[in-house]
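Examination of the molecular architecture
Here are the chains, one letter per residue:
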Amino acid sequence: MTEAILLVGGKGTRLRPLTVHTPKPMVPAAGVPFLTHQLARARAAGVEHIVLATSYLAEVFEPYFGDGSALGLHLEYVTEEEPLGTGGAIRNVASRLHSGPDDPVLIFNGDILTGLDIRALVDTHASSGADVSLHLTKVTDPRAYGLVPTDDTGRVLAFLEKPQTPEEIVTDQINAGAYVFRRSVIDTIPQGRPVSVERETFPDLLSAGAHLQGMVDSTYWLDLGTPAAFVRGSADLVLGRAPSPAVPGRCGDRLVLPTATVAADAKLAGGTVVGEGAFVAEGARVFGSTILPGAVIEPGAVVTDSLIGTRARVGERSVLTGTVIGDGAVIGPDNELRDGARIWCDARIPAGAVRFSSDQ
């Protein structure tokens, strides 16, 4: 297997305001765009040619990655004029593939952080003779996912979308968002219209008698669709819990990029990242958070499990927990922002304007 398709066209609406100016795969995780980690892991598994299926803010990708030679890859970009869904996006880029009809093509979603053994998935595909092979993972609460029950040989039996009752939960195996397709199967996907690979392509293949094989790989897996998950994924990359050859430094409690400035008595821990040109002032404490390029954390501020956008500013003594601050926003001194707060890009919050405790 030398080819892959990477689906990076989504709008990332659940991640707003992070994705107002930046497509989700380009939001930095552990110091580099998240997409860098996926490309590097694919290259390490032997992939040489990757076609990026782009749509939302498509113009951002190629100026950053170019032809992919810096990563040892050959990258191509195909932009959808109208969103085509996961299956439609795969079909839309098929003409750029060089594989023969029976060759394997790796396909993965641009918002999954995983330790998947890619070579093992390809080997499973080859040894089982499958038309499509799926990476499956086990989750404690499968209600938010599509269930994929298999028989004792791993052959897929059904696709069950987001079960809600106990009777519907027949397995804890879910579709983990990485697949190997036989090249010829891609050409059976309808062209020029939206198609969901999860809701249409896979069920249709199954009903037509195709062989769909599941491989359960229960290494690290995280859907980065929410701000809290994205922050955690970045921290896990820094801490070494999630594997990636693209982390720009040694794994540990913190990652401070070369042009960032951190005061001597500031405390950083929990997989915190301080991006290029960012500044963390004296007495500040930052735990498990991502500070994007050019952001400023002023003296005495406490930031936990949060993401601070590009050029944003957190004022003196402000306390942020589980929050997202959009690009260019300013949080005045002595504010308290708690779990789930999202401050939009370029917003201004005056000193002491938001609190959960007394001002004394």
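Residues numbered from 1 in each chain as written. Predicted model: local features only at pLDDT ≥ 70, side-chain atom pairs only at ≥ 80, totals over all residues. Heavy atoms only, no water.

**Looking at the overall build of the protein chain**
Within the protein chain one finds seven helices and 30 strands. For 360 residues, the compact-globule estimate of 2.2 N^0.38 gives 21 Å, and the C-alpha radius of gyration of the protein chain, at 22 Å, lies within 12% of that figure. Seen through its principal axes, the protein chain has C-alpha atoms that stretch 70 × 50 × 35 Å. Within the protein chain, buried positions represent 55% of all 360 residues. Contacts spanning at least 24 positions in sequence make up 52% of the contacts within the protein chain whose residues lie at least 6 apart. (Helix = DSSP H or I, 4+ residues; strand = E, 2+ residues; numbered from the N terminus. Rg over C-alpha atoms; globule rule 2.2 N^0.38 Å. Buried < 20%, exposed > 50% of the residue type's maximum accessible area, 1.4 Å probe, protein only. Contact = heavy atoms within 4.5 Å.)

**Concerning the UniProt feature "domain: Nucleotidyl transferase" (unreviewed entry) in the protein chain**
The UniProt feature table records "domain: Nucleotidyl transferase" (unreviewed entry) at residues 4-236. Summarising residues 4-236: 26% helix, 25% strand, and an end-to-end C-alpha distance of 25 Å. (UniProt positions renumbered as here; feature names shortened; annotations may be inferred.)

**Observations concerning the pattern of salt bridges**
One pass over the structure, following the stated rule, counts 13 salt bridges. Taking the shortest distance from any N to any O, the salt bridge between Glu-298 and Arg-313 comes out at 2.7 Å. Placement of Glu-298 in the loop between strand E21 (296-297) and strand E22 (302-304) and of Arg-313 in strand E24 (residues 313-314) is noted, with a sequence separation of 15 residues between them. Residue Glu-298 is classed as buried on the basis of its relative accessible area, which comes to 15%. (Salt bridge = Lys/Arg side-chain N within 4 Å of Asp/Glu carboxyl O.)

**Points about the UniProt feature "domain: Mannose-1-phosphate guanyltransferase C-terminal" (unreviewed entry) in the protein chain**
Sequence positions flagged by UniProt for "domain: Mannose-1-phosphate guanyltransferase C-terminal" (unreviewed entry) are, in local numbering, residues 252-332. Measuring from the first to the last C-alpha atom of residues 252-332 gives 31 Å, for a span that is 0% helix and 42% strand.

**Remarks on the pairing of strand E6 (residues 104-109)**
The buried fraction of E6 amounts to five of the six residues, a majority that puts the element mostly inside the structure. Judged from the five bridges that link them, E6 and strand E11 (residues 173-182) form a sheet pairing that is antiparallel. Bridge assignment links Pro-104 to a residue of E11, and that residue is Arg-182. (Pairing = 2+ DSSP bridges.)

**Remarks on helix H4 (residues 118-128)**
Every buried residue belonging to H4 is among Ile-118, Leu-121, Val-122, Thr-124 and His-125, and all of these are buried. Taken end-on, H4 shows its buried residues confined to a sector of 155°, consistent with a single buried face. Residues of H4 that are exposed and point over 90 degrees away from its buried face: Asp-123, Ala-126 and Ser-127. Looking at the packing, one finds that the buried side of H4 touches helix H1 (34-44), E6, strand E8 (132-138), E11 and strand E12 (212-216). Following H4 by one or two positions, Gly-129 adopts a phi angle in the positive range, close to 70°. (Arc of directions from axis to C-beta.)

**Comments concerning the nonpolar core**
Core analysis: the biggest nonpolar cluster contains 29 residues, and Phe-181 and Phe-202 have the highest contact counts within it. Breaking this core down by element, the ones donating at least two residues are strand E1 (3-7), strand E4 (49-54), helix H3 (85-92), E6, E8, E11, helix H5 (183-186) and helix H6 (197-207). The residues touching Phe-181, leaving out its near neighbours within four places in the chain, are Asp-103, Pro-104, Val-105, Ile-107, His-125, Asp-131, Val-132, Ile-186, Ile-189, Val-197 and Phe-202. Within the second largest apolar cluster, 25 residues are counted, among which are Val-8, Val-47, Phe-65 and Leu-121. (Core = buried A, V, L, I, M, F, W, Y, C linked by side-chain atoms within 4.5 Å.)

**Overview of the sheet that holds strand E27 (residues 330-331)**
Pairing between the strands of a sheet comes from backbone hydrogen bonds, and it takes one of two forms, parallel or antiparallel. The strand order across the open sheet built from six strands is E15-E18-E21-E24-E27-E30, with neighbouring strands paired in parallel fashion. Edge positions in the sheet fall to strand E15 (261-262) and strand E30 (348-349), since each of these pairs with one other strand and no more.

**Comments concerning the side chain of Ser-306**
For Ser-306, the position within the fold is in the loop between E22 and strand E23 (307-308). A polar side-chain atom of Ser-306 sits 3.0 Å from the main-chain amide nitrogen of Thr-323. With sequence-adjacent residues up to four places away left out, Ser-306 is seen in contact with Val-231, Gly-288, Ser-289, Thr-290, Leu-320, Thr-321, Gly-322 and Thr-323. (Polar contact = N/O pair within 3.5 Å; in protein donor to acceptor, adjacent residues only side chain to side chain.)

**A few points about empty space enclosed by the protein**
Taken as a whole, this structure holds two cavities of 30 Å³ or more when the rule is applied. Forming the boundary of the largest cavity are 15 residues, of which Gln-38, Arg-41, Phe-108, Ile-112 and Thr-114 lie nearest the centre. Elements represented by at least two residues in the lining of the largest cavity include exactly H1, E6, strand E7 (112-114) and E11. Top element by residues in the lining of the largest cavity is H1. It accounts for four residues. Across the lining of the largest cavity, the residue classes tally to nine nonpolar, five polar and one charged. (1 Å grid on protein atoms, 1.4 Å probe; cavity = no way out; pocket = protein on both sides within 12 Å on 5 of 7 lines; lining within 4 Å. Points joined across faces, edges and corners; volume = space filled by probe spheres on them. Nonpolar A, V, L, I, M, F, W, Y, C, P; charged D, E, K, R; others polar.)

**Focus on the packing of H3 against H6**
Running from N to C, H3 and H6 point in directions that differ by 70°, and their axes come no closer than 7 Å. Classified by the angle between their axes, H3 and H6 sit roughly perpendicular to one another. Between H3, through Thr-86, Gly-87 and Ile-90, and H6, the contact on the second element is made entirely by Val-197, Glu-198 and Thr-201. Its residues placed into classes, the contact of H3 with H6 shows two nonpolar, three polar and one charged. (Axes fitted to C-alpha atoms, helices over the stretch in contact; angles between N-to-C directions. Parallel < 35°, antiparallel > 145°, perpendicular 65-115°, else oblique.)

**As for the layout of surface pockets**
Empty space within the largest pocket amounts to approximately 1300 Å³. Listed by contribution, the elements that provide at least two residues to the lining of the largest pocket are H3, E11, H6 and strand E13 (221-223). For the lining of the largest pocket, the leading source of residues is E11, giving four residues. Here the lining of the largest pocket is composed, by residue class, of 16 nonpolar, 15 polar and ten charged. In this structure, the second largest pocket spans a volume of roughly 370 Å³.

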